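Structural overview for review
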Amino acid sequence: MKIAVTYENGNIFQHFGHTKQFKIYETDNKKIINSEIIGTDGHGHGALAGFLSSKKVDILICGGIGEGAKTALRNSGIRLLGGVQGSADRAVEEFLAGTLSYNPDITCDHHEHENICEEHHCKNHSCENH
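Here, residues in each chain are numbered from 1, in the same order as that chain's written sequence. Note on the predicted model: pLDDT of at least 70 is required for a residue's local features to be given, and 80 or more for side-chain atom pairs to be given and counted; whole-chain, interface and lining totals, by contrast, use all residues. Heavy atoms from the whole structure form the basis of all side-chain values; hydrogens and water molecules are not counted.

What follows concerns the packing of aromatic side chains. Think of a pair of aromatic rings as described by two things: how far the centres are apart, and how the planes are tilted against each other in angle. For Phe, Tyr and Trp, rings pair up if their centres lie within 6.5 Å, where Trp contributes its six-membered ring, and each pair is then called stacked (planes under 30 degrees apart), edge-to-face (over 60) or tilted (otherwise). In this structure the tally under the stated criterion is 2 aromatic pairs. Relative to Phe22, the ring of Phe16 has its centre 6.2 Å away and its plane inclined at 55 degrees; by these criteria the two rings are tilted. Taken individually, Phe16 and Phe22 each receive the classification buried, so the pair is uniform in this respect. Pairing Phe22 with Phe51 gives two aromatic rings, centres 6.2 Å apart and planes at 25 degrees, and the pair type is stacked. Highlighted residues: Phe22 in strand β3 (residues 21–28) and Phe51 in helix α1 (residues 46–54), separated in sequence by 29 residues. Across the pair, Phe51 and Phe22 agree in class, each one buried. A 1.4 Å probe rolled over the protein chains alone gives each residue an accessible area, and that area as a share of the maximum for its type sets the label: buried under 20%, exposed over 50%, partly exposed in between. Secondary structure counts use DSSP, requiring at least four H or I residues in a row for a helix and at least two E residues in a row for a strand, with both numbered from the N terminus.

Now the structure itself:
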């Protein structure tokens with residue numbers, strides 16, 4: 001199983017659509033067997049789901065995430081564990097042990113970008129996702 005975590009300086013980055021790196025863990029028998037930090041190459045919001053799918057990720061652990069990205073992950077078959085904070089490594093270890101606390105209803109509905117379309121700000125993604 002592959003688990004991706006939004007990543008910044010050892011911790012879970014708190015805004016999925018702005019993450020610049022993921023730490024991807026390969027696991028077997030509830031143990032981490034390998035991990036690597038990969039850049040997102042400028043992908044944002046809904047496009048990140050396709051990026052993770054191309055890496056064959058099964059589970060995403062993150063902080064906040066918007067509805068469009070949640071839908072894209074669901075459509076890609078990636079299980080979402082949102083609302084998590086703290087150490088990325090510890091979160092994966094807790095998940096594997098069955099003790100990770102997360103919020104299945106997490107939603108990030110603020111947009112602090114430069115371009116405006118309709119009722120919100122957007123950049124590097126399609127407004128249809130909102």
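Below, the discussion takes up the side chain of Thr19. With respect to the helices, strands and loops of the structure, Thr19 is situated in the loop between β2 (11–12) and β3. The definition of a polar contact used here is a pair of N or O atoms within 3.5 Å, where within protein one atom must be able to donate a hydrogen and the other to accept one, and adjacent residues in sequence count solely through side-chain atom pairs. In this structure the side chain of Thr19 is engaged in a polar contact, spanning 2.8 Å, whose partner is the backbone oxygen of Gln21. With near-sequence residues (within four places) excluded, Thr19 lies in contact with Thr6, Tyr7, Phe13, Thr40 and Leu48. Whether two residues touch is decided by their heavy atoms; if any such pair falls within 4.5 Å, the residues are in contact.

Along helix α3 (residues 88–97), the positions that sit buried rather than exposed are Ala88, Ala91, Val92, Phe95 and Leu96. Buried residues of α3 fall within an arc of 135 degrees about the axis and therefore sit on the same side. Of the surrounding elements, those touching the buried residues of α3 are β1 (2–8), β2, β3, β4 (31–39), β5 (59–61) and β6 (79–81). One side-chain oxygen of the residue at the start of α3 lies 3.4 Å from the amide nitrogen of Asp89, identifying that residue as Ser87. At the exit of α3 stands Gly98, carrying a positive phi of roughly 80 degrees. The arc in question is formed by the directions pointing from the helix axis toward the C-beta atoms.

For β3 and β4, the ladder comprises 8 bridges, and the chain directions are antiparallel. Paired with Glu26 across the strands is Asn34, a residue of β4. Hairpin connection between β3 and β4: a loop of 2 residues separates the two successive antiparallel strands, and Asn29 in this loop has a positive phi of roughly 50 degrees. For two strands to count as paired, DSSP must find a minimum of two bridges between them.

As a further point, take the pattern of salt bridges. Any carboxyl oxygen of Asp or Glu within 4 Å of a side-chain nitrogen of Lys or Arg constitutes a salt bridge here. What the rule picks out here adds up to 3 salt bridges. Here Lys23 ties to Asp89 by a salt bridge, and the two come within 2.9 Å at their closest N and O atoms. Here the residue Lys23 occupies a position in strand β3, and Asp89 occupies one in helix α3, the gap between them amounting to 66 residues. Note that Arg90 and Glu94 form a salt bridge whose closest N and O atoms lie 3.7 Å from each other. Of this pair, Arg90 and Glu94 both sit in helix α3, 4 residues apart, which is roughly one turn of the helix.

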